[in-house]
Amino acid sequence: MARLNLLEETRYEKLPVSVYNNQHEASVAVANRIADLIRAKQAKGEKAVLGLATGVTPIGVYAELVRLHKEAGLSFKNVITFNLDEYYPMKPTAAQSYVTFMYENLFGHIDIDKANVHIPDGTLDKDAVAGYCLAYEKQIEELGGLDLQILGIGRTGHIGFNEPGSAPNSGTRMVTLDDLTRSDASRDFGGKANVPTKAITMGIGTIFKAREIILMAWSKKKAPIIKKAVEGEISGEVPATYLQLSQHVEFVLDEAAASELTRFDTPWLVKDCVWDNQLKKKAVIWLANEINKPVLKLTEEDYNNHGMAQLAVEQGPVYNINIDIFNQIQHTITGWPGGKPDADDSQRPERALPAKKRSIIFSPHPDDDVISMGGTFIRLVDQGHDVHVAYQTSGNTAVWDDDVLRYMEFAIDFTNSIGEDTTHLQKSYEDMRAFFPTKQPNEIDTQEIRNVKGFIRKTEAISGARYAGLQDDHIHFMALPFYETGKTKKNSVGEEDIQLTIDLLQKIKPQQIFAAGDFADPNGTHLVCFKIILAALDRLKGKEAWVEDCWLWMYRGAWHEFETYEIEMAVPLSPQEVIRKRNAIFKHQSQKDRPVFPGDDAREFWVRAEDRTRDTAQRYDRLGLAEYEAMEAFKRYMF
Ligand code: F6R
């Protein structure tokens, strides 16, 4: 359900914004608006002219439109569509083309007349492009213009492929893609080098002429650019800010994408708040950072000057608030992530008893354990807990092809050296050598190659976990089936994924679970893996007694960190422990230097891990707490 935009609350927002609980609800709402428009036009015997977008954002809208067609009789016979853009050059039959995308997600499943579908042509000669673009505009005009344009937003702030620098009155034309846009697309193309540098896109002026414009954005990843587009100054640097000038635009967001808007991020600046402890903690930490003061030095004047007078009045004097928050942060710090035996645990993040805990670290990919919480992992083992690690997926899409040949050569040499027959091995090796040079971007590897890639990651994970101090029988490889597609797009979670997780949990009966609550992982695997654990726990709850005493801790990894106010356990690392953690990460050789899927961060994983944990320590230090070399952060998940 859309929340109301109350005026005071939204005074920083320069265009109408609707926020939904999640992207599914938002997508259904947008699909219904499109359906209403189509039906209204049908009733009048008119055509509905729609401007459509591609990318991950509108997929849910298209799915709902397909459902409405199949289950509610929505017809698209009176619909004419114009897509925003297409890569250039691009064959319509290519897997990455927007033609393929549109047919897979929408046109292939509805009764639209294919002659009414328009998608910019990526096969034209360069010389023909300008004329083609003019004709594209003219066609739209002759049909009376777009009734509704839907948009996504790129992290550069692009709409369509109107990158920073685009003019507000630009028309359909050929453009050069921004470097960040190409990085974001690299996954679809099997590497950034394969992403076209150009595209044909409708202009900002073209989009503006639509009678209604809906821009959608989901997920935390879009939150910073949404803040700029909604609250920032109009600027060519963020093309989406031009939409502030439109009288017909609406932004439709999920909570995560809206989370950096003032009314959600710092609501005390725009309205009276209900000050629960979490909000109080967030506000005090924000204030300390804002004016660069440690928590215990914040004054009443500081509170009053920064929108926190209400808090000071309701719960002051501020001296008491400061001490309360300082103590809360202080109590998150512990060198005993498994609980401190024989200590009063009333103010500690973990329980003292049982003194020796059974802990399991779930690692979505075979290196998240050490990258994300290597220091805590080592500490838990050093402090005598019964630690297990479970690698949830094989990670076999993320190994370079030449590493496969290297290991095959090793296998052949070793087999030869013990006098065994290598005919089979040799044949597999030759097949692989022949396959790799012909391999198309994103082409699925043969099963044999996928196996070798999985084995490579498995040996690395064993080596890392062994370095952290584990016995071999405490290292588990789940190879969850949902992941085993050989490509970046995974299957949906199945019964077997959950059952494998239940089996392992039943075997170990942990008092502590660590899992990746790292939901910004670019390919979504972390979130899927987390949900599988939750589904397994949900089924065990009430059936097995140990579940009642089991605590679930979320960690975050290479991609981002918890906000300070969210952290419930902070485990400090000494300089020596940072080095031990680094060594454990180094065991993952296939991921070193330049991993296959680096995300949008050029730093190596160990560097990201160290920067992140050092930053957490510095954030604590700046708030006036003790100064540590590094800290790993956790938040408890109540299930
Ligand atoms: C797609 C398009 C782009 C995308 C934007 C967001 O036709 O023109 O502007 O809407 O790049 O992409 P996703 O939705 O994949 O995050």
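The rules we used
Residues numbered from 1 in each chain as written. Predicted model: local features only at pLDDT ≥ 70, side-chain atom pairs only at ≥ 80, totals over all residues. Heavy atoms only, no water. Pairing = 2+ DSSP bridges. Helix = DSSP H or I, 4+ residues; strand = E, 2+ residues; numbered from the N terminus. Patch = residues over 30% accessible without salt bridge, like charges linked within 9 Å, V, L, I, M, F, W, Y side chains within 5 Å. Areas by Shrake-Rupley, 256 points an atom, 1.4 Å probe, with all protein chains shown as cover. Salt bridge = Lys/Arg side-chain N within 4 Å of Asp/Glu carboxyl O. Buried < 20%, exposed > 50% of the residue type's maximum accessible area, 1.4 Å probe, protein only. Disulfide = S-S within 2.5 Å. Domains from an automatic or database assignment. Contact = heavy atoms within 4.5 Å. Buried area = accessible area lost by both parts, 1.4 Å probe. Axes fitted to C-alpha atoms, helices over the stretch in contact; angles between N-to-C directions. Parallel < 35°, antiparallel > 145°, perpendicular 65-115°, else oblique. Left-handed = near helix turned anticlockwise from the far one by under 90°. Nonpolar A, V, L, I, M, F, W, Y, C, P; charged D, E, K, R; others polar. Near = heavy atom within 4 Å. Polar contact = N/O pair within 3.5 Å; in protein donor to acceptor, adjacent residues only side chain to side chain. Expected span 1.5 Å × (residues − 1).

### Considerations on the sheet that holds strand 3 (residues 79–83)
Phase 1: Strand order in this open sheet of seven strands is 1-10-9-6-2-3-5, and the pairing throughout is parallel. Every interior strand has two partners, whereas the edge strands, strand 1 (17–20) and strand 5 (117–118), have only one.
Phase 2: Of the strand pairs in this sheet, strand 2 (residues 48–52) and strand 6 (residues 148–151) are connected by two bridges, and their pairing is parallel. Opposite Gly51, over in strand 6, you have Gln149 as the bridge partner.

### Points about a nonpolar patch on the surface
Phase 1: Together, Leu296, Tyr319 and Ile323 give the surface a local cluster of nonpolar side chains, amounting to about 300 Å² of exposed area.
Phase 2: By the secondary structure assignment, Tyr319 is in helix 13 (residues 318–330).
Phase 3: Residue Tyr319 is classed as exposed on the basis of its relative accessible area, which comes to 56%.

### Observations regarding the state of the cysteines
Phase 1: Considering all chains together, one arrives at zero disulfides under this definition.
Phase 2: In this model Cys550 remains outside any disulfide bridge; the closest cysteine sulfur is found in Cys529, 17 Å from its own.
Phase 3: On the basis of relative accessible area, Cys550 is assigned to the buried category, the value being 4%.

### Side note on the domain arrangement of the protein chain
Phase 1: The domains assigned to the protein chain are domain 1 (36–263), domain 2 (273–332) and domain 3 (360–399 + 444–637).
Phase 2: Domain 2 puts 13 residues into the contact, and the matching count from domain 3 is twelve residues.
Phase 3: Overall, the association of domain 2 and domain 3 removes approximately 1,100 Å² of surface from exposure, summing both partners, and the carbon and sulfur fraction of that is 61%.
Phase 4: One can count zero salt bridges joining domain 2 with domain 3.

### As for the packing of helix 1 (residues 23–43) against helix 2 (residues 59–72)
Phase 1: With their axes 8 Å apart at the nearest point, helix 1 and helix 2 run at an angle of 50° to one another. It follows from the interaxial angle that helix 1 and helix 2 lie oblique. In the crossing of helix 1 with helix 2, the sense of the turn from one axis to the other is right-handed. Contacts between helix 1 and helix 2 involve Ser27, Val28, Val30, Ala31, Asn32, Ile34, Ala35 and Arg39 from the former and Gly60, Val61, Glu64, Leu65, Leu68 and Ala72 from the latter.
Phase 2: Its residues placed into classes, the contact of helix 1 with helix 2 shows nine nonpolar, three polar and two charged.

### Let's talk about the site of the ligand
Phase 1: In the vicinity of the ligand, 13 residues are found, and the nearest of them are Thr57, Asp85, His158, Gly160 and Lys222.
Phase 2: Here an oxygen atom of the ligand sits 2.8 Å away from a polar atom, N or O, in the side chain of Thr54.
Phase 3: Within the side chain of Thr57, a nitrogen or oxygen atom sits 2.4 Å from an oxygen atom of the ligand.
Phase 4: Against a free-state accessible area of 410 Å², the protein chains account for coverage of 87% of the ligand.
Phase 5: Among the residues forming the shell around the ligand, the class breakdown is four nonpolar, seven polar and two charged.

### Some thoughts on the environment of Asp401
Phase 1: With respect to the helices and strands, Asp401 occurs in helix 15 (residues 401–417).
Phase 2: Separated by 35 residues in sequence, Asp401 and Phe436 place their C-alpha atoms 7.1 Å apart.
Phase 3: Ignoring anything within four residues of it in the chain, the contact list for Asp401 reads Phe436, Lys439, Asp445 and Lys453.
Phase 4: Polar contacts involving the side chain of Asp401 include one to the side chain of Lys439, which spans 3.1 Å.

### Here we look at the pairing of strand 4 (residues 85–88)
Phase 1: The side-chain alternation of strand 4 yields two buried faces, one formed by Asp85 and Tyr87 and the other by Glu86 and Tyr88.
Phase 2: Judged from the four bridges that link them, strand 4 and strand 8 (residues 198–201) form a sheet pairing that is antiparallel. What sits directly across from Asp85, in strand 8, is Thr201.

### Some remarks on the packing of helix 14 (residues 368–382) against helix 20 (residues 575–586)
Phase 1: Close contact between helix 14 and helix 20 brings their axes to 9 Å; oriented N to C, the two are set at 115°. Seen from above, helix 14 lies across helix 20 with right-handed handedness. Between helix 14 and helix 20, the residues in contact are Val370, Ile371, Ser372, Met373, Gly374, Gly375, Ile378, Arg379 and Asp382 and Glu577, Arg580, Lys581, Ala584 and Ile585, respectively.
Phase 2: Considering only residue class, the contact of helix 14 with helix 20 consists of six nonpolar, three polar and five charged.

### Let's talk about the environment of Phe586
Phase 1: Counting through the fold element by element, Phe586 comes out in helix 20.
Phase 2: Counting along the chain gives 352 residues from Phe586 to Ile234, while the straight-line C-alpha distance between them is 45 Å.
Phase 3: Once residues lying within four places of it in the same chain are set aside, the contact partners of Phe586 are Lys592 and Trp606.

### A word on helix 15
Phase 1: Taking 1.5 Å per residue, 17 residues should reach 24 Å; helix 15 reaches 25 Å between its end C-alpha atoms and fits that length.
Phase 2: If you check which residues of helix 15 are buried, you get Asp403, Val404, Leu405, Met408, Ile412 and Thr415.
Phase 3: Elements that come into contact with the buried residues of helix 15 comprise helix 16 (423–438) and helix 17 (447–467).
Phase 4: Of the residues flanking the end of helix 15, it is Gly419, one or two places downstream, whose phi is positive at about 75°.

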